Amino acid sequence: MMAWATLAFAVASAVLAYRLASRAATASEGVPQPWYARWYGLIGAVVAMAVVIVPVRLFVVEPFNAPSTSMTPTIPVRSNLLVQKWGYGHYSTYGAKLITRPLSVTVERGDVIAFDYPRDPATVFVKRVVGVPGDLVEYRDKHVFINGSDTRGKRLDDHLLTDPAPKYLQRYRERSAKSEFDIVIDPDVPAIAHDQQSLPADCVSANDTLRCKVPAGAYFVMGDNRDNSQDSRYWGFVPSGAIVGKVVAIFPPAQ
């Protein structure tokens, strides 16, 4: 939605500029109209913007938005996101995937990535990388264990979630290989958070524990709002070819 809004804004700006220039030229009868007040000026302006905007969105950075609370508290709902695309090989924009290349950057635990949802590639999800190829990921008692090590850190002040209704969630500091971030837990939601009928081949569930061995070329992702996130616990791994890019900037909505 945001992508098409950006394109529509660019086209509308070009049309408005053309109409203003045309009116100004009409008001000065007898004076030759400048190029930008003629029809080919409008076409040239639109083409020039497309020449700049489309390659940037394809290869460098692309804006997205966060329609849900699944990445709370890191990403507030309705935030605008800037996603770095260079190096991830998934060169697409405005819903069209044009070029695919192997990853040339390292995807690390703790990275927040945008990717094509495996069950509906037309939809882009944003989650945090929890497990990389070769990792053993265990989810037990709402704790994440990576290769046997608990990633849970200290308890912080509770987080007030205001959407859709005010509610306090337990907030914890969690650590990955090279970063720390906050996650929230809803104490009213049961710990079992996966569908045992649709577990991927590399996952097993026993004694209230989900255990997954991350295969080559894939990643295990989770939302920071652990009890309100559709993620790898439900539908499995993210293939490397589905990764659109890494979130490098977050712009929360205006209050």
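Let us look at the structure shown here. Quick caveat, the model's predicted, so the values are computed rather than measured.

## With respect to the state of the cysteines
Then, number 1: Overall, the coordinates contain one disulfide when judged by the stated rule.
Then, number 2: A sulfur-sulfur separation of 2.0 Å characterises the disulfide bridge that pairs Cys203 with Cys212. On the S-S bond that ties Cys203 to Cys212, the torsion sits near 115°, and the link is right-handed.
Then, number 3: By relative accessible area, which is 7% here, Cys203 ends up buried.

## Section: the pattern of salt bridges
Then, number 1: Scanning the entire structure with this criterion turns up 17 salt bridges.
Then, number 2: Asp186 is the partner of Lys167 in a salt bridge, and the nearest nitrogen-oxygen pair spans 2.8 Å. Here Lys167, found in strand E11 (residues 167-175), pairs with Asp186, found in the loop between strand E12 (180-185) and strand E13 (203-206); they are 19 residues apart in sequence, far enough to count as distant.
Then, number 3: Among the residues examined, Lys167 registers a relative accessible area of 30% and is labelled partly exposed.
Then, number 4: Residue Glu180 is joined to Arg173 by a salt bridge in which the shortest nitrogen-to-oxygen separation is 3.8 Å.
Then, number 5: What makes Glu180 exposed here is its relative accessible area of 56%.
Then, number 6: Overlapping salt bridges, with partners in common, bring together Arg171, Arg173, Glu180 and Asp182 in one network.

## Focus: the environment of Asp116
Then, number 1: As for its position among the elements, Asp116 is in strand E5 (residues 112-117).
Then, number 2: You can call Asp116 buried: its relative accessible area is 13%.
Then, number 3: Through-space distance from the C-alpha of Asp116 to that of Ala242 is 5.2 Å; in sequence the pair is 126 residues apart.
Then, number 4: There is a polar contact of 2.7 Å between the side chain of Asp116 and the side chain of His90.

## Description of the side chain of Ser232
Then, number 1: Examined against the element boundaries, Ser232 turns out to sit in helix H3 (residues 232-235).
Then, number 2: Judged by its relative accessible area of 1%, Ser232 falls in the buried class.
Then, number 3: Of the polar contacts made by the side chain of Ser232, one reaches the backbone oxygen of Gly236; its length is 2.7 Å.
Then, number 4: With residues near it in sequence (within four places) discarded, Ser232 still touches Tyr219, Phe220, Val221 and Phe237.

## Some thoughts on the environment of Pro190
Then, number 1: With respect to the helices and strands, the residue Pro190 is situated in the loop between E12 and E13.
Then, number 2: You can call Pro190 exposed: its relative accessible area is 57%.
Then, number 3: For the pair Pro190 and Asp227, spaced 37 residues apart in sequence, the C-alpha separation works out to 8.4 Å.
Then, number 4: In this structure Pro190 touches Lys142 and Asp227, once residues within four positions along its chain are discounted.

Rules behind the numbers
Along each chain, residue indices are assigned from 1 in the same order as the chain's sequence is written. Side-chain atom pairs in this predicted model are given and counted only at pLDDT of 80 or more, local residue features only at pLDDT of at least 70, and totals for whole chains, interfaces and linings cover all residues. Hydrogens and water molecules were not included; the side-chain quantities draw on all heavy atoms of the structure. Disulfides are defined as cysteine sulfur pairs within 2.5 Å. Partly exposed residues are those whose accessible area sits between 20% and 50% of the maximum for their type, while under 20% is buried and over 50% is exposed, using a 1.4 Å probe and protein chains only. Salt bridges, as used here, are contacts in which a Lys or Arg side-chain nitrogen is within 4 Å of a carboxyl oxygen on Asp or Glu. Every helix listed is a DSSP run of H or I at least four residues long, and every strand listed is a run of E at least two residues long, numbered separately from the N terminus. Whenever a nitrogen or oxygen atom comes within 3.5 Å of another N or O atom, the pair is scored as a polar contact, on the condition that within protein one atom can donate a hydrogen and the other can accept it, and that pairs from neighbouring residues in sequence are kept only if both atoms are in side chains. Contacts were defined at the residue level, with two residues in contact if any of their heavy atoms lie within 4.5 Å.

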